[in-house]
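Given next are the chains, with one letter for each unit.
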Amino acid sequence: MTAAYSVREALGPEDREACFAVRREVFVVEQGVPQELEYDTYDATAVHVLAVREDGLPLGTGRLLFGADAVGKTGADVSVGSLGRLAVSEAARGLGVGAALVRGIEDVARERGLTAVDLHAQTHALGFYERLGYEAYGPEFPDADMPHRAMRRSL
């Protein structure tokens, strides 16, 4: 199945709800992450990116934290953004949506003058991010009871 889709910054409450619906499907339902851990105060200030099929069906999402919101996740470097909450609906996996979302988030980071993007990857996803130019650093750590590693890519 090939589907034409676009990736764009989420604007307005309808787009934001589409982002949250994909995250709910992937993290809360599929992976069992408690809803109170999935949604946080950063959702209000993050830049959300949305992948949408031609017919309007949301396929994936991710978010970028920057400035004061990101410093706790990036080693206090304000020139580094924090990519997170990357999720692709089960039906859209294998179509390149995840990579397109990462590139879209990197574009948003560049527009805001950032020099690099950090992320906390579930360890099973390390290869995906490595293929996109991210390098793991530091020890493995638990997040929502799943093993993660920090990764970074210079822009």
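It should be noted that the structure appears before, not after, this text.
Please read these numbers as outputs of a predicted model, since none were measured by experiment. Note that residues are indexed from 1 along each chain, following the sequence as it is written. Side-chain atom pairs in this predicted model are given and counted only at pLDDT of 80 or more, local residue features only at pLDDT of at least 70, and totals for whole chains, interfaces and linings cover all residues. Processing note: side-chain calculations cover all non-hydrogen atoms of the structure and skip hydrogens and water entirely.

A. Region of interest: the sheet that holds strand β1 (residues 5–9). Sheet architecture is open: 7 strands sit in the order β1-β2-β3-β4-β5-β7-β6, paired in mixed fashion. Single-partner strands in this sheet number two, and they are β1 and β6 (135–143). Between one strand axis and the next, the sheet turns through 25° on average, direction left out of account. Pairing between two strands requires that DSSP report at least two bridges joining them. Put simply, DSSP H or I for four residues or longer makes a helix, DSSP E for two residues or longer makes a strand, and each gets a number counted from the N terminus. Examined bridge by bridge, strand β3 (residues 58–65) and strand β4 (residues 80–88) share 5 bridges and lie antiparallel to one another. Paired with Leu64 across the two strands is Leu83, which belongs to β4. We call two residues contacting when some pair of their heavy atoms lies within 4.5 Å. Simply put, an axis is a line fit to the C-alpha atoms, just over the touching stretch for a helix, and the angle between two N-to-C directions goes from 0 to 180 degrees. Against the sheet, helix α1 (residues 12–30) contacts β1, β2 (47–53), β3, β4 and β5 (116–122), and its axis sits at roughly 70° relative to β4.

B. Quick look at α1. Helix span, as expected, comes to 1.5 Å for every residue beyond the first. Between its first and last C-alpha, α1 extends 26 Å over 19 residues, near the 27 Å set by a 1.5 Å rise per residue. Maximal helix bending in α1 amounts to about 35°, located at Arg24. Each residue is placed in one exposure class: buried if its accessible area under a 1.4 Å probe, protein chains only, is under 20% of its type's maximum, exposed if it is over 50%, and partly exposed if it falls in between. Three or more residues of α1 are buried, namely Asp15, Ala18, Cys19, Phe20, Val22, Arg23, Val26, Phe27 and Val28. Looking at the residues trailing α1, positive phi occurs at Gly32, about 75°. What we call the bend at a residue is the angle made by axes fitted to the seven residues finishing there and the seven residues starting there.

C. Region of interest: the side chain of Arg153. Among the structural elements, Arg153 can be located in strand β7 (residues 146–154). Under the rule applied, a polar contact is a pair of N or O atoms within 3.5 Å (in protein, one hydrogen donor and one hydrogen acceptor; residues adjacent in sequence only if both atoms are side-chain atoms). A distance of 3.0 Å separates the side chain of Arg153 from the side chain of Glu106, its partner in a polar contact. At 3.2 Å, the side chain of Arg153 forms a polar contact with the backbone oxygen of Leu132. Excluding residues within four positions of it along the chain, Arg153 makes contact with Arg103, Glu106, Arg110, Ala116, Val117, Leu132, Gly133 and Tyr134.

D. Here's a closer look at the pattern of salt bridges. Salt bridges are counted wherever a side-chain nitrogen of Lys or Arg sits within 4 Å of a carboxyl oxygen of Asp or Glu. The final tally for this structure, using the stated rule, is 16 salt bridges. For Glu17, the salt bridge is made with Arg24, and the minimal N-O distance between the two is 2.9 Å. Accessibility expressed as a relative area gives 40% for Glu17, which makes it partly exposed. By relative accessible area, Arg24 is classed as partly exposed at 29%. Among the salt bridges present, the one from Asp43 reaches Arg23, with a minimum N-O distance of 2.8 Å. Of the two residues, Asp43 is situated in the loop between α2 (35–38) and β2 and Arg23 in helix α1; the sequence distance between them amounts to 20 residues. Three or more residues are tied together by salt bridges with common partners; here these are Arg23, Glu38, Asp40, Asp43, Arg63 and Arg85.

E. Region of the structure containing unusual backbone geometry. The phi dihedral of Arg85 is positive, around 55°, even though this residue is not glycine. Within the secondary structure layout, Arg85 lies in strand β4. Here Ala144, not a glycine, exhibits a phi torsion of approximately 50°, which is positive. Locating Ala144 in the fold gives a position in the loop between β6 and β7. The exposure class assigned to Ala144 is partly exposed, which follows from its relative accessible area of 29%.

F. Structural detail: the packing of aromatic side chains. Note on ring pairs: Phe, Tyr and Trp rings are taken, using the six-membered ring of Trp, and paired if centres are within 6.5 Å. Classes follow the plane angle, with under 30 degrees stacked, over 60 edge-to-face and the rest tilted. In this structure the tally under the stated criterion is 3 aromatic pairs. Between Phe20 and Tyr39, the aromatic rings sit 5.4 Å apart at their centres with planes inclined by 75°, giving edge-to-face as the arrangement. Of this pair, Phe20 sits in helix α1 while Tyr39 is found in the loop between α2 and β2, placing the two residues 19 residues apart along the sequence. Both residues of the pair, Phe20 and Tyr39, count as buried.

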